[in-house]
Amino acid sequence: MRRQWLSVGLAALCVAVGVPAHAWAATSGTTAQRTVTTAVRPVVDMEATVLAAQIDPRRPDNTLTPGAKSSVLAVEQALQAQGLLNAQWVDGYFGTVTISAYAAYQRTLGYTGLAANGLPGTTSLTKLGQNRYTVVNTIGPGAKVPRDGYVVNARTQAMLAQAQRLLGYPLVLDQGSYNPGGDPTSAGTHDGGGVVDIAVTGMTAARRTAVARALRQVGFAAWVRNPDQGDWPWHIHAAAINDTDLSSQAQHQVGDYYLGLNGLANQGPDDGPQVPIRTWEQYQRGQ
Ligand SMILES: [Zn+2]
């Protein structure tokens, strides 16, 4: 038992420090294989996989998302085994073809709408990996909860609460999540989970920036939007990175945020306060 635990622990550690799990298995897996076959299964880091699925489709090149390659490869191999992905796309890059293949897999499970958005959720990722890989660092949006007359999910609610603690004052929404077709100027970004607009009425420019900074610190891709950018009043638009309920449009905004863009259709440069980009889970771990 001790050896089994050690094997799994080492595999997870390898992924955590960016060494592909299969590389470790290739060099030191023999002993573990003799002892417990399941211990040498690839490890799929769900956080890294979901992150790659938001960023990779937006990349202008074939750069891989750091720390995600071995996890994405294992997922792509499983999609290939299901007949949903051609071998040429099994490359550790979670691009648009892999998103489509993953969405197709979600539909085979009977999922529709947001549940078939191409972003891995815990249930589909685990089912896809049955007898193939082990899922670690699972994430999820949690239950839908009311806030300021709108709907958000529990993960978003917790993130907003922490941003308020950092700021020392409350934030009020003027649009929530799970709001399909509610606001045509939002271009579908609020259709799914993880996305909110913060009211900025009465705030100075400095305070608007401070709010955007706090939202970024806890794991939102957040921007101050002004009336010159669209048919909208001043507000702050925020999309929770790695929320598995993000609509396709919001997934693209998160990817653009990582790539230094403003999340608008013009793909202009990021105009918000610069902070190290991290997810809510990384923030909670103090990373
Ligand atoms: Zn918005």
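Calculation notes
- Residues numbered from 1 in each chain as written.
- Predicted model: local features only at pLDDT ≥ 70, side-chain atom pairs only at ≥ 80, totals over all residues.
- Heavy atoms only, no water.
- Helix = DSSP H or I, 4+ residues; strand = E, 2+ residues; numbered from the N terminus.
- Donors = N, O, S within 2.8 Å, 3.2 Å for Na, K, Ca; no water.
- Buried < 20%, exposed > 50% of the residue type's maximum accessible area, 1.4 Å probe, protein only.
- Core = buried A, V, L, I, M, F, W, Y, C linked by side-chain atoms within 4.5 Å.
- Domains from an automatic or database assignment.
- Contact = heavy atoms within 4.5 Å.
- Axes fitted to C-alpha atoms, helices over the stretch in contact; angles between N-to-C directions.
- Parallel < 35°, antiparallel > 145°, perpendicular 65-115°, else oblique.
- Left-handed = near helix turned anticlockwise from the far one by under 90°.
- Polar contact = N/O pair within 3.5 Å; in protein donor to acceptor, adjacent residues only side chain to side chain.

(A) Inspection of unusual backbone geometry at higher detail. Despite not being glycine, D148 has its phi angle at roughly 50°, a positive value. Of note, D148 is situated in the loop between β3 (144-147) and β4 (150-153). Of note in the backbone geometry, Y178 takes a positive phi value of approximately 50° without being a glycine.

(B) Looking closely at the coordination of the zinc ion. In this structure, H190 (NE2), D197 (OD) and H237 (ND1) serve as the protein donors to the zinc ion, at separations of 2.0 to 2.1 Å. Under the relative-accessibility criterion, H190 is labelled buried at 1%.

(C) Fine view of the nonpolar core. Within the largest apolar cluster, 38 residues are counted, with the highest numbers of intra-cluster contacts made by V75, L79, F94, Y102, L125, L128 and Y133. For this core, the secondary structure elements donating two or more residues are α3 (46-55), α4 (69-81), α5 (96-108), α6 (122-128), β7 (220-225) and α9 (248-258). Per-element tally for this core: the top contributor is α3, with 7 residues. In terms of domain composition, this core takes at least three residues from each of domain 2 (43-136) and domain 3 (144-284). When sequence neighbours within four positions are dropped, the list of residues in contact with L128 reads V75, A78, L79, Q82, Y102, Y105 and Y133. Of all hydrophobic cores here, the second largest spans 24 residues; its members include L215, F220, V224 and A238.

(D) Structural detail: the packing of helix α7 (residues 154-167) against helix α8 (residues 205-217). Close contact between α7 and α8 brings their axes to 9 Å; oriented N to C, the two are set at 130°. As summarised for this structure, α7 and α8 are arranged oblique, according to the angle between their axes. The handedness of the crossing between α7 and α8 is right-handed. From α7, L160, A163, L166 and L167 reach across to α8, where they touch A210, V211, A214, L215 and Q217.

(E) Structural view of the side chain of T98. When you line up the elements, T98 lands in helix α5. A distance of 2.9 Å separates the side chain of T98 from the side chain of E76, its partner in a polar contact. In contact with T98, not counting residues within four places along its chain, are E76, L79, L85, W89 and Y93.

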